[in-house]
Amino acid sequence: MLASEEVVVSEREISAGDGPVVVIGAGPVGLAAAAHLVERELPFLVVDAGAGPGASVRRWGHVRLFSPWRYNIDPAARRLLTEAGITLPADEDLPTGADLVARYLEPLAALPRIAPRLRYGAEVVAIGRVGADRVRTAGREDTPFVVRLADGSEITARAVLDASGTWRTPNVLGGNGLAAHGEREAAGWIDHALPDVLGADRDRHAGRHTVVVGAGHSAATTLLALADLAASAPGTRITWAIRADAPDRTYGGGEDDQLPARGALGAGLHHLVAAGRVELATGFRVHTVRAGADGGAGGVRLLDAAGRSIDADRVVAATGYRPDWRLAGELRLELDPILEAARELAPLIDPNVHSCGTVYPHGVAELSHPEPGYFALGSKSYGRAPTFLMATGYEQARSVVAALAGDWAAARDVRLALPETGVCSVSTGLQGIAADLGLPADVPDQLMTATARHLGSAATPVDAVLTAAAELGLDPTATRRFAAFAAAQAGDHTG
Ligand SMILES: Cc1cc2nc3c(=O)[nH]c(=O)nc-3n(C[C@H](O)[C@H](O)[C@H](O)COP(=O)(O)OP(=O)(O)OC[C@H]3O[C@@H](n4cnc5c(N)ncnc54)[C@H](O)[C@@H]3O)c2cc1C
């Protein structure tokens, strides 16, 4: 694939000392890494801040996943569980988060080859190199890592796989990426993503007015659950506030989505808005939150920069997540300035360019940093990009662990087939143009990847396409067609 040809990752042994590979996080991807480490017979230790496996998934245990089991079980974990005689759920069933923990993560974590290497209640607060700060270069690659826990204890490690996710660092409510004025003071009125409105959190929403802010799957999931609640709890009112001028991207691909449950989320929401069961406020960028005595009739008031306001009883901030890179502050990381993902991975997942839900297969090459032996895997690897799927993390874990084992052929042989969202407007359009002009089938992929790389520095998306087309040596006709298509698409990607 294009990107891995461009990345030069040295095939030296990634080994600093004799310590274990430390995996941070016993979520789906951290435990998948553990399964691959078992198969590769590499010593490892998994540390997790929670009280058991899947601590973050448990927090949204009431939510039904949109990907069926077949995508949610890592292949190495499947082999180990099957060997141990554990029956796995049917491929096409859709688990809830709680099912994912009970029927997959708990049995996996309990396997005799994994359980003794797991430590819970072990929160990592910092990672460094033994006796070397970030500035010191001499001998760095051969110096073990030191992983410091909240209780002050330290573990030395030959490599660190950071699968700590992003759940614990939700995005702010403010429409410009900064906390809204008054957001902190109003914290008692705000839920971050996915409250259990039909279960544990019912009383806070039944017969009351909730405003949901955000345009992703979490917002859609909460809005659908609130509509269910409204059907049985009179007086329940629902408002949906989005920054964009239209909700089309949230509505998604509907029946064209290769994951029907994901398509149904957007389609269901579309229906609720059309039927007037959810009030939609478009172009609403939260600027100020007022609560308590200043919060209007319901108790909390959202204001946008233009002075428009929404009064409600509760706010659900479904505005996504951010990675927390503070843990790795003493390491040499190379992060994309837009997404805060590894620099080589970012162009492959930039939501400004990719809407399909698919991602090019990637692994150790794209996940490497200037700090050999440190890799962020799983949802954290995506930084601020929103479309992470577990299956992506499983392939990342397989590739990186193969590299740690010195099996570079396996590490570089990355494969991934993910279900498309049905809104692959960009890739489908580009493929149509390529077919029309008789260009090789891989030109659209190459063009999208190169374009994404130039988006940060180019004045407009069209300029980024022109630079990418020149780089790929496309002729003037093809360049004009692709640039014209990009100009038409640019309108779709604002807001
Ligand atoms: C509501 C919701 C629905 C989703 N549905 C799907 C779906 O249908 N299909 C799909 O493929 N993906 C889905 N995802 C996306 C994604 O696959 C999941 O979020 C998945 O849990 C990510 O796995 P992970 O292992 O990378 O991180 P997490 O599951 O977030 O696990 C991270 C672990 O690290 C631990 N941790 C965090 N910080 C520290 C620290 N400092 N020290 C020690 N331990 C730490 C946490 O306790 C946690 O156990 C969904 C996400 C959400 C939020």
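Parameters at a glance
- Residues numbered from 1 in each chain as written.
- Predicted model: local features only at pLDDT ≥ 70, side-chain atom pairs only at ≥ 80, totals over all residues.
- Heavy atoms only, no water.
- Helix = DSSP H or I, 4+ residues; strand = E, 2+ residues; numbered from the N terminus.
- Polar contact = N/O pair within 3.5 Å; in protein donor to acceptor, adjacent residues only side chain to side chain.
- Phe/Tyr/Trp six-rings, centres within 6.5 Å; stacked < 30°, edge-to-face > 60°.
- Buried < 20%, exposed > 50% of the residue type's maximum accessible area, 1.4 Å probe, protein only.
- Lys NZ or Arg CZ within 6 Å of the ring centre and 35° of its normal.
- Arc of directions from axis to C-beta.
- pLDDT = per-residue confidence, 0-100.
- Contact = heavy atoms within 4.5 Å.
- Pairing = 2+ DSSP bridges.
- Axes fitted to C-alpha atoms, helices over the stretch in contact; angles between N-to-C directions.
- Near = heavy atom within 4 Å.
- Areas by Shrake-Rupley, 256 points an atom, 1.4 Å probe, with all protein chains shown as cover.
- Right-handed = clockwise from strand over helix to strand, strands pointing away.

Engineer: Describe the environment of N171, and please don't skip the residues or the numbers.
Structural biologist: With respect to the helices and strands, the residue N171 is situated in the loop between strand 7 (159–162) and strand 8 (190–192). A polar atom in the side chain of N171 sits 2.5 Å from the side chain of R322.

Engineer: Give a detailed account of the packing of aromatic side chains, specifying residues and quantitative values.
Structural biologist: Scanning the entire structure with this criterion turns up three aromatic pairs. Both rings, one in W240 and one in Y251, keep their centres 6.3 Å apart while their planes meet at 50°; by these two values the pair is tilted. Of the two residues, W240 is situated in strand 10 (residues 237–241) and Y251 in helix 9 (residues 248–251); the sequence distance between them amounts to eleven residues. Its relative accessible area of 0% is what places W240 among the buried residues. Under the relative-accessibility criterion, Y251 is labelled buried at 11%. Lying across the ring of F145, R129 places its NZ or CZ 3.8 Å from the centre. One residue, K380, lies across the ring of W325, its end atom 4.9 Å from the ring centre.

Engineer: Just give me the short version of helix 17 (residues 461–471), but keep the residues and values in it.
Structural biologist: Within helix 17 the residues assigned to the buried category are A464, V465, A468 and A469. Buried residues of helix 17, viewed axially, fall in a sector of 135°; they line one side. At the C-terminal side of helix 17, G473 shows a positive phi close to 70°.

Engineer: So what's going on with the confidence of the model for the protein? Which residues, and what values?
Structural biologist: Across the protein, pLDDT averages 88, with 89% of residues at or above 70. Low pLDDT, under 50, characterises residues 1–8; the stretch is placed with 15 contacts to residues that sit more than four places away or in other chains. In the predicted structure, residues 491–495 sits below a pLDDT of 50 and forms seven contacts with residues beyond four places in sequence or in another chain.

Engineer: I'd like a rundown of the sheet that holds strand 12 (residues 286–291), residues and numbers included.
Structural biologist: An order of 12-13-14 is seen for the three strands of this open sheet, with the pairing classed as antiparallel. Edge positions in the sheet fall to strand 12 and strand 14 (309–312), since each has one partner strand and no second. Averaged over all neighbouring strand pairs, the angle between strand axes comes to 20°, with direction disregarded. As paired elements, strand 12 and strand 13 (residues 300–304) share five bridges and run antiparallel to each other. The residue of strand 13 that forms the bridge with T288 is L303.

Engineer: Describe the pairing of strand 14, naming the residues involved and giving the relevant values.
Structural biologist: Within a regular strand, the side chains alternate between the two sheet faces. Alternating residues of strand 14 divide into I310 and A312, all buried, and S309 and D311, none buried. Bridging between strand 13 and strand 14 involves four bridges; their strand directions are antiparallel. Residue R301 lies in a different strand from strand 14, and its bridge partner there is D311.

Engineer: For the sheet that holds strand 6 (residues 154–157), give the residues involved together with the corresponding values.
Structural biologist: Sheet architecture is open: three strands sit in the order 4-5-6, paired in antiparallel fashion. This sheet does not close on itself; its edge strands, each paired only once, are strand 4 (124–129) and strand 6. Pairs of neighbouring strands in the sheet enclose a mean axial angle of 20°, with direction left out of account. Of the strand pairs in this sheet, strand 5 (residues 145–149) and strand 6 are connected by four bridges, and their pairing is antiparallel. Counterpart to F145 in the pairing with strand 6 is A157.

Engineer: If you had to explain the site of the ligand to someone new, which residues and values would you point to?
Structural biologist: Taken together, 29 residues lie near the ligand, and D48, F66, S67, S379 and M390 sit nearest. A distance of 3.4 Å separates an oxygen atom of the ligand from a polar atom in the backbone of P28. Between a nitrogen atom of the ligand and a side-chain N or O atom of S67, the distance comes to 2.7 Å. When the ligand sits alone it has 990 Å² of accessible area, and the protein chains cover 92% of it. Those elements that place two or more of their residues in the shell around the ligand are helix 2 (28–39) and helix 3 (55–59).

Engineer: Can you lay out the pairing of strand 2 (residues 44–47) for me, pointing to particular residues and giving the numbers?
Structural biologist: Residues F44 and V46 point to one face of strand 2 and L45 and V47 to the other, with burial holding for every one of them. Of the pairings in the sheet, the one linking strand 1 (residues 21–24) to strand 2 comprises four bridges and is parallel in character. In the sheet register, V22 faces strand 2, and the bridge partner there is L45. At this point the chain moves from strand 1, through helix 2, to the parallel strand 2, and the crossover so formed is right-handed. In this sheet, strand 3 (residues 118–119) lies alongside strand 2 in parallel orientation, the contact comprising two bridges. Directly across from V46, in strand 3, lies its bridge partner L118.

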